[in-house]
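Spelled out, the chains give:
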Amino acid sequence: EEELINVCQFPSWHPEHFLDVAEMASAVAIGYDWCYNYLADSTRKIIEDAIQRNAFAPAWPIYEVAAKKKKTPLSRENNWNMVCNSGLVSSAIAIGNTYPEEASRIIHYAVKYTPNLLISFAPDGVYNEGPGYWPFNGMYMTLFFDNLERNVGNDFGLPAYKGISNTADFYINLEGPSGHTFNFGDANSHIDNSGTFFYLSKYYHQPEVAAAYRRVLASAVKTYNSGGDARLSRYFFLSIPWFDDAKPIKTAEEKKLTVFQGVTDFLFFNGANKTDSNRLYLAAKTGRPEWSHNDLDVGSFVLDCDGQRWAIDLGAGNYSLPKYFDYKPNGRRWTYFRKTNLAHNTLSIDDKIANSEGQGELIRFDENAAMPYGIFDISAAYPGQVSSALRGFRLLSKDVILVRDEIKLKQKNEKVSWRFLTKATVSINGNIASLSQNGKHFYLKCLLAKGFSMTVHPAKPFTEKEKPIESVNIIEINIETSNSKDVIIPVLMGNNLMDIKNSAMTDTKLKEWK
């Protein structure tokens, strides 16, 4: 009660950054609702007045701007939309008996504008801002859905938007056997342990999602009980009222390749297989760098094998850097190393920064082939430099995967660079890079006979003001193109050198993959 009174006596909840308003409104609403029978009448009045003053009052003019079809924090297509509207709805429902007209108005606006975000989950449940913001958006989205269903008695069809029923499965595939996610964009690689999964598993009748989350929950509780840092979500507690003990009727299918399509397309090799912690796992993406919290990482990937993360994503940078969220071509964001294509497991041409308006596309795949594959068109990332650029991934065997790039340059005499970032120790012998980490070994083999160099060097930020990068190596394959505009870069990756040396299907052109 004392804490509620304290925050409700703040002069404002910082409407200049409306996420702060929304999160405080949500927290106050939960405290007010759950503790209502134990609060003094005077405390209830303080809370109700604070929600009116610090949440509703600054929201009204923003909603009015949104009504003119202009983008606002409450109507845009990213996490701000859901977090802000959900927080306002939580507080509106909490004090709705006292202020029914205001509550009805808030709910009306929220139902009107949240579809601007929800449509982006189509068709397969991809959340474009990455695993760092999937939990943030997801927690407020499920609170929003639950509030509408439980307290309003009408969810207005919002949970039925295409893709949302599949988004938990998307996140589960982002989790590699190393215990890290594919942390693209502004994300760390830690696995979410909020209650979101239980709400989704119950609502969409997905016992396999519930089972997966119970494993995450058990691991987090074990870490916490042993005195470790379990990194518990601030909404971890909702795993209790939303707890789902449903058990899968049958063992989940362990597909070699799972594909998710959306604004960003994803390939997950051995992503759905959760029984083998030593399996080779590769997650690759297309991308739309100008989308909120995204990077110049079209075609990039991460890779696990033997329980180790071998190919990494550097993740989030320093949000305090000037114009860190300037996504336009030549925007300030692209002057920070870890946001550029030079800091990702993808290509660069003449060491130039890629185009933030260039969206990649998954053009062909076969999940059911004996050697499943997917092919990206990443040409739009390099306008003025390429006529076309295709990147294919193919699982050749249990322990070997092929990455094949086929590039048609517009000019000769350009350097094409292929990068692989790793925290492993690296040694290079000719066309083979040997990686070692925690007693495990992994190998890359460039299949070109000549015309290339393979080197390794430490990853370093462009300036001292950027977030430091420690103990990360970049394996770089450079192709000099003095005699041809056509460039092919085939690279094998696996933990068994003999298997790599004996792999077949390595010379087949992408157009002939089937």
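You'll find the structure just up there.
Residues numbered from 1 in each chain as written. Predicted model: local features only at pLDDT ≥ 70, side-chain atom pairs only at ≥ 80, totals over all residues. Heavy atoms only, no water.

By the definition in use, this model includes 22 salt bridges. The salt bridge partner of arginine 333 is aspartate 295, with a shortest N-O separation of 3.1 Å. Here the residue arginine 333 occupies a position in the loop between β5 (308–311) and β6 (347–349), and aspartate 295 occupies one in the loop between β3 (281–285) and β4 (301–305), the gap between them amounting to 38 residues. Exposure class is identical for arginine 333 and aspartate 295. Each is buried. Among the salt bridges present, the one from lysine 339 reaches aspartate 295, with a minimum N-O distance of 3.1 Å. Taken as a pair, lysine 339 in the loop between β5 and β6 and aspartate 295 in the loop between β3 and β4 lie far apart in primary sequence, 44 residues in all. Here aspartate 295 falls in the buried class, since its relative accessible area comes to 0%. Several salt bridges share partner residues, and in doing so they unite Asp186, Asp295, Arg333 and Lys339 into one network. (Salt bridge = Lys/Arg side-chain N within 4 Å of Asp/Glu carboxyl O. Helix = DSSP H or I, 4+ residues; strand = E, 2+ residues; numbered from the N terminus. Buried < 20%, exposed > 50% of the residue type's maximum accessible area, 1.4 Å probe, protein only.)

Looking now at helix α4 (residues 79–94). Between the first and last C-alpha of α4 there are 22 Å, a value that for 16 residues agrees with the 22 Å anticipated at 1.5 Å per step. For α4, the tally of buried residues reaches 15 of 16 residues, placing the bulk of the element in the interior. (Expected span 1.5 Å × (residues − 1).)

Quick look at the packing of helix α7 (residues 134–152) against helix α9 (residues 196–203) now. Remark: α7 packs on α9, axes separated minimally by 9 Å, with the N-to-C direction vectors making an angle of 50°. In this view, α7 runs oblique relative to α9, as classed from their interaxial angle. Handedness of the α7/α9 crossing: left-handed. On α9, the residues touching Trp134, Pro135, Gly138, Met139, Thr142, Phe145, Asp146 and Glu149 of α7 are Thr196, Phe197, Tyr199, Leu200 and Tyr203. Its residues assigned to classes, the contact of α7 with α9 shows eight nonpolar, three polar and two charged. (Axes fitted to C-alpha atoms, helices over the stretch in contact; angles between N-to-C directions. Parallel < 35°, antiparallel > 145°, perpendicular 65-115°, else oblique. Left-handed = near helix turned anticlockwise from the far one by under 90°. Contact = heavy atoms within 4.5 Å. Nonpolar A, V, L, I, M, F, W, Y, C, P; charged D, E, K, R; others polar.)

Moving on: the environment of glutamine 437. Locating glutamine 437 in the fold gives a position in strand β13 (residues 432–437). On the basis of relative accessibility, which here comes to 13%, the residue glutamine 437 falls in the buried class. Separated by 34 residues in the primary sequence, glutamine 437 and serine 471 have C-alpha atoms spaced 12 Å apart. Non-local contacts of glutamine 437, meaning those with residues more than four positions away in its chain, are made with Gln308, Arg309, Trp310, Lys423 and Ala424. Side-chain polar atoms of glutamine 437 contact the backbone oxygen of arginine 309, separated by 3.2 Å. (Polar contact = N/O pair within 3.5 Å; in protein donor to acceptor, adjacent residues only side chain to side chain.)

Note that all results are geometric; they support no functional claim without further evidence.
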